[in-house]
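# What the coordinates show
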Amino acid sequence: MNLRKYINIYTKFLHTSLACELEYKTNILIDLITAILSLIGSIFLLSIFFQNNNTIGGWEFEQALIIQGIYTILNGITNTWFNPNLTEIVKHIREGTLDFVLLKPIDSQFFISLKKITPSGFLEIILGIFLLLYCIKINQININLIFLTLCLITIICSICILYSLWFFISTTTIWFVKTWNATEVLRSFLYIGRFPLNSFSFSLRIFFSVVIPIAFITTIPSEVFLGLSQFWKILLEVIVAMVFLISSRKFWLFALKFYSSASS
Amino acid sequence: MISNLIKRKIFTLLKVQYSNMLEYRVEIALWAISGIIPFFMLNIWTNNNLNEYINISNVMLSRYFLCAFFVRQFSVVWVVFSFEEDSLMGKVSPYLIQPLNPFFRYFAQHLAEQLTRFPFALLIATFFFIFNPESIWIPNFGVLLLSVISTFLSFLIQFLIQSIVACLCFWTEKASSIERLLFIPTLFLSGLLAPVVSFPEYVKSWIYLTPFPYLIDFPANLLSGNATNISRGFSMQILWILLLFPLFKKIWSNGTKKYTAMGS
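The present account deals with the structure reproduced in this document. (Residues numbered from 1 in each chain as written. Chains lettered and ligands numbered in written order. Predicted model: local features only at pLDDT ≥ 70, side-chain atom pairs only at ≥ 80, totals over all residues.)

On to the overall build of chain B, then. When you go through chain B residue by residue, the secondary structure sums to 13 helices and 0 strands. Seen in sequence order, chain B has helices and strands lined up from the N terminus as α-α-α-α-α-α-α-α-α-α-α-α-α. For 264 residues, the compact-globule estimate of 2.2 N^0.38 gives 18 Å, and chain B sits close to it at 20 Å. With the C-alpha coordinates of chain B rotated into their principal frame, the extents come out at 60 × 40 × 35 Å. Residues classed as buried in chain B amount to 38% of the 264 residues present. Pairs at least 24 residues apart make up 79% of the contacts formed inside chain B by residues separated by at least 6 positions. (Helix = DSSP H or I, 4+ residues; strand = E, 2+ residues; numbered from the N terminus. Rg over C-alpha atoms; globule rule 2.2 N^0.38 Å. Buried ≥ 20, exposed ≤ 12 C-beta atoms within 10 Å, placed from the backbone. Contact = placed C-beta atoms within 7 Å.)

Moving on: the interface of chain B and chain A. Listed by partner, the interface residues are 28 residues for chain B and 32 residues for chain A. If you list the elements that add at least two residues to the side of chain B that touches chain A, you get helix H2 (25-33), helix H3 (37-47) and helix H10 (176-189) of chain B. Looking at the side of chain B that touches chain A, the element that brings in the most residues is H10 of chain B, giving 7 residues. Partitioning the side of chain B that touches chain A into residue classes produces 18 nonpolar, 7 polar and 3 charged. (Nonpolar A, V, L, I, M, F, W, Y, C, P; charged D, E, K, R; others polar.)

Before going further, it helps to spend a moment on the packing of H3 of chain B against helix H4 (residues 58-73) of chain B. All names here are of chain B. Across the interface, H3 lies against H4 with an axial gap of 9 Å and an inter-helix angle of 165 degrees. Compared by their axis directions, H3 and H4 come out roughly antiparallel. Two packed elements cross with a definite hand, and for H3 against H4 that hand is right-handed. Side by side, H3 and H4 meet where Pro-38, Phe-39, Met-41, Leu-42, Trp-45 and Thr-46 of the first sit next to Asn-58, Leu-61, Ser-62, Phe-65, Ala-68 and Phe-69 of the second. Considered class by class, the residues forming the contact of H3 with H4 number 9 nonpolar, 3 polar and no charged. (Axes fitted to C-alpha atoms, helices over the stretch in contact; angles between N-to-C directions. Parallel < 35°, antiparallel > 145°, perpendicular 65-115°, else oblique. Left-handed = near helix turned anticlockwise from the far one by under 90°.)

By size, the foremost hydrophobic cluster in this structure holds 117 residues, and its most contacted members are Ile-161 and Trp-166 of chain A together with Met-41, Phe-65, Cys-67, Ala-68 and Ala-166 of chain B. With 14 residues, the top contributor of residues to this core is helix H3 (residues 61-95) of chain A. When near neighbours in sequence (up to four residues on either side) are disregarded, Ile-161 of chain A contacts Pro-213, Phe-216, Ile-217, Val-240, Ala-241 and Phe-244 of chain A. (Core = buried A, V, L, I, M, F, W, Y, C linked by C-beta atoms within 7 Å.)

Right, here's the structure in full:
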């Protein structure tokens with residue numbers, strides 16, 4: 001693997017896709033408003049849950065806002081990178097253009113996962129970070145180096161898990177051809193990540209930590225933020241993230257063996 | 001003679017679109033699954049006893065969310081996405097020559113899709129009843145009829161709003177981002193995630209003047225047997241349709257004058 005080559009190619013990707021997206025300037029403005037409204041909406045929903053209750057699943061309103069912040073950041077990342085790229089896999093496979101990707105002398109997973117970028121997702125990431133900063137203030141969290149590294153590690157792990165989930169689902173397109181909506185199903189499940197896992201019933205909690213690891217994606221990083229998380233949970237998250245990344249990679253290479261181009 | 005012709009047109013359109021939709025059963029099943037968010041919300045509500053404060057029993061609330069799921073299933077509209085693709089690809093041009101407004105075609109597509117969806121929605125409801133046997137109920141025929149009508153009216157409102165947005169394609173090419181913007185208030189204010197009765201007073205004071213509560217909250221309350229103002233609900237739905245329809249006609253006639261096929 002030639003790292004410099006890949007960095008070089010990635011800057012080219014950035015350049016072309018930004019140029020492409022900036023064609024539609026009003027679109028970006030509308031997307032910004034959408035992101036802000038969406039955050040206001042979910043805080044509004046949270047405030048409905050808390051209007052007569054002090055805690056939900058052991059979380060106070062100020063603490064639940066942290067989950068909201070982390071969800072917003074992750075959603076921004078999904079909208080910036082995962083959504084535009086991984087929905088493209090479906091198109092590649094349907095139209096047979098995956099051939100051109102496979103013939104290129106670079107890693108196909110790299111090409112497919114990072115080709116495009118949607119800049120309007122950046123605002124969501126920024127909004128999420130602001131919300132988190134506000135949460136740090138109202139929850140009186142003192143920041144030190146250990147805290148920061150732990151937060152960063154868990155959030156990076158969440159991003160890895162999220163990416164692997166998206167990539168898994170998109171890879172199944174090689175067999176089913178039309179899994180456009182499978183990502184939509186994943187999206188609706190991920191929606192649950194806006195709320196603390198403890199607010200669900202026991203069976204759903206099991207489902208959301210074992211089958212679809214939403215617990216790992218938002219709840220554990222939020223616990224780390226509050227300094228509530230035990231060390232083994234963080235370790236577990238790192239292991240889960242590694243397992244997900246490696247198996248999604250293996251799965252892609254396995255799936256490619258079954259790829260037979262379009263109309264052949 | 002004329003009515004016979006219209007009847008034949010509509011019947012043929014529906015038949016063609018239904019067989020078209022049946023081709024993509026799995027896709028539609030996945031769409032149906034992606035609509036299960038109301039059930040997760042129900043889980044948060046009942047698991048934290050939040051419904052005690054709004055005086056709705058567990059059973060009534062679970063019926064409400066089940067009905068919200070159903071109403072949503074049969075009022076999902078995606079015309080703007082189809083229209084955007086068709087107009088970018090230049091497929092609208094042949095449609096415009098035909099002696100039939102292209103929106104009839106999309107309308108038939110939606111109806112056909114709902115028909116295909118129906119068995120999947122029933123299946124999901126059956127699972128719901130297996131897990132919550134106490135919430136089984138049979139609405140009487142009059143209520144059922146009224147709620148089917150109100151669901152259809154809700155579908156019509158959303159179809160009109162989205163068609164108006166779709167017509168903006170004539171000016172901006174990418175109208176789907178406007179639709180995503182409009183989807184946010186629809187999501188949070190329509191009662192899909194929380195019944196409108198639970199909203200704080202400062203929202204309740206104006207929300208009944210907007211179309212949102214009549215999209216899901218009103219039909220769902222009607223069907224599930226929760227308290228709702230039937231006459232106000234229907235009159236507001238009809239009022240909104242009467243307001244939106246002329247707007248759609250206006251924007252359609254202006255838009256088609258503006259239309260230039262791609263590459264001209």
